Amino acid sequence: MLIRLDKFLADAGVGTRSEVKSIIKKKAVTLNGMCVDKPEIKLNPDTDEVAVNGSSVASRGKVTYLLHKPAGYVCATEDSRFPTVMELVPQGRDLFPVGRLDKDTEGLLLITNDGAMAHRMLSPRSHVDKAYLALLDGPAESGYISLFEEGVDIGDDKLTLPSKLVICDENDPALAYLPEEYRSGLCPGQTVLLTIQEGRYHQVKRMFHAVGREVVYLKRLSFGELMLPLSLKKGEAILCDPYMPADGT
Ligand code: URA
């Protein structure tokens, strides 16, 4: 069955009918690789390939947003006390957050209605890398690198899986993600990049606590192949294709 382009995009959760019309008019949409600017154009959702700003919008209604989660929002579909991340993406389409970030943690969060993709990204067996920028309450010691590589006792049945710690120097490009208010007065070694393969409760904070440091600020920069675009402001979400690597720009 053929359907109108604006209906297809609205059904896929890209925006309201009038929002998607305006996106189409801005020439941000391609149909089978060709730019289209007419909302009424017809397409076959099972065979045609539609992309918005280069990210493909899956047919059969599968949609995934990459959100720059701000602090203060909880990763839940509803909460009686705090705002939820669901308020930051278009409503409907049975969307849910892919895993959790703590209320005070910022950074890359996927919100989707694609259960199979979410399962693949979260399954402990998949060992999907998650990279975090952390600001510590004092300098990281070089000895943490081997401790984290070997696995740390954070009070669970098992040690953490091997993780990779990089102690940032002042020229580390990851520091571009550190909010302005934290940039002055830093001591050498106070900012680190930690890549873990698991998603245990408060894992990054507990790993540093286990070696005698507290995390003052935490931001997730990547999840699998997906990078948090530096240009994406806190609270903003973009459609993304979790089956295609993003370029992080
Ligand atoms: N580890 C944490 O401690 N908190 C998060 O939000 C994510 C990973």
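This report concerns the structure included in the present document. Since we're looking at a predicted model, the values are computed, not measured.

Rules used throughout
Residues numbered from 1 in each chain as written. Predicted model: local features only at pLDDT ≥ 70, side-chain atom pairs only at ≥ 80, totals over all residues. Heavy atoms only, no water. Near = heavy atom within 4 Å. Polar contact = N/O pair within 3.5 Å; in protein donor to acceptor, adjacent residues only side chain to side chain. Areas by Shrake-Rupley, 256 points an atom, 1.4 Å probe, with all protein chains shown as cover. Helix = DSSP H or I, 4+ residues; strand = E, 2+ residues; numbered from the N terminus. Nonpolar A, V, L, I, M, F, W, Y, C, P; charged D, E, K, R; others polar. Buried < 20%, exposed > 50% of the residue type's maximum accessible area, 1.4 Å probe, protein only. Contact = heavy atoms within 4.5 Å. Pairing = 2+ DSSP bridges. Phe/Tyr/Trp six-rings, centres within 6.5 Å; stacked < 30°, edge-to-face > 60°.

Near the ligand you find L101, D102, T105, Y132, H202, Q203, V204, K205 and L218, and these make up its full shell. Between the ligand and the protein, one listed contact pairs an oxygen atom with a backbone N or O atom of H202 at 3.2 Å. In isolation the ligand has 240 Å² of accessible area, and contact with the protein removes 95% of it. Of the residues forming the shell around the ligand, the biggest block, three residues, is contributed by helix α5 (residues 203–210). A breakdown of the residues in the shell around the ligand according to their chemical character gives four nonpolar, three polar and two charged.

A separate point is the side chain of Q203. Among the structural elements, Q203 can be located in helix α5. Judged by its relative accessible area of 4%, Q203 is buried. The residues contacting Q203, other than those within four sequence positions of it, are I154, T160, I196 and E198.

Attention now goes to the pairing of strand β12 (residues 191–196). A regular strand carries its side chains on alternate faces of the sheet. Where strand β10 (residues 130–136) meets β12, six bridges bridge the pair, whose relative direction is antiparallel. Paired with A131 across the bridge in β12 is T195. As paired elements, strand β11 (residues 164–167) and β12 share four bridges and run antiparallel to each other. From the neighbouring strand, L165 faces β12, where its bridge partner is L194.

Strand pairing in a sheet relies on backbone hydrogen bonds. The paired strands run either parallel or antiparallel. Across the sheet, which stays open at both edges, the four strands sit in the order β3-β2-β5-β6 with antiparallel pairing between neighbours. Because the sheet does not close on itself, it has two edges, and the strands there are β3 (34–35) and β6 (55–57). Where strand β5 (residues 50–52) and β6 come together, three bridges link them in antiparallel fashion. Residue V50 lies in a different strand from β6, and its bridge partner there is V57.

Moving on, we come to unusual backbone geometry. Despite not being glycine, N53 has its phi angle at roughly 50°, a positive value. As for its position among the elements, N53 is in the loop between β5 and β6. Judged by its relative accessible area of 65%, N53 falls in the exposed class. Of note in the backbone geometry, H202 takes a positive phi value of approximately 50° without being a glycine. When you line up the elements, H202 lands in the loop between β12 and α5.

This paragraph deals with the packing of aromatic side chains. Summed over all chains, the structure comprises three aromatic pairs. Both rings, one in Y144 and one in F148, keep their centres 6.3 Å apart while their planes meet at 25°; by these two values the pair is stacked. Placement of both Y144 and F148 in helix α4 (residues 143–150) is noted, with a separation of four residues, approximately one turn of the helix. Residue Y144 is classed as buried on the basis of its relative accessible area of 4%. Here F148 falls in the buried class, since its relative accessible area comes to 0%. Relative to Y217, the ring of Y182 lies with its centre 4.9 Å away and its plane at 40°, an arrangement referred to as tilted. Within this pair, whereas Y182 is found in the loop between β11 and β12, its partner Y217 is found in strand β13 (residues 215–223), the two being separated by 35 residues in sequence. On the basis of relative accessible area, Y182 is assigned to the partly exposed category, the value being 24%. Overall, Y217 belongs to the buried group, its relative accessible area being 4%. Through a chain of ring-to-ring contacts, three or more aromatic side chains come together here, namely Y144, F148 and F208.

Moving on, we come to the environment of S231. On the secondary structure map, S231 appears in the loop between β14 (226–227) and β15 (237–239). By relative accessible area, which is 54% here, S231 ends up exposed. Sequence separation between S231 and Y177 is 54 residues, and the spatial gap between their C-alpha atoms is 9.9 Å.

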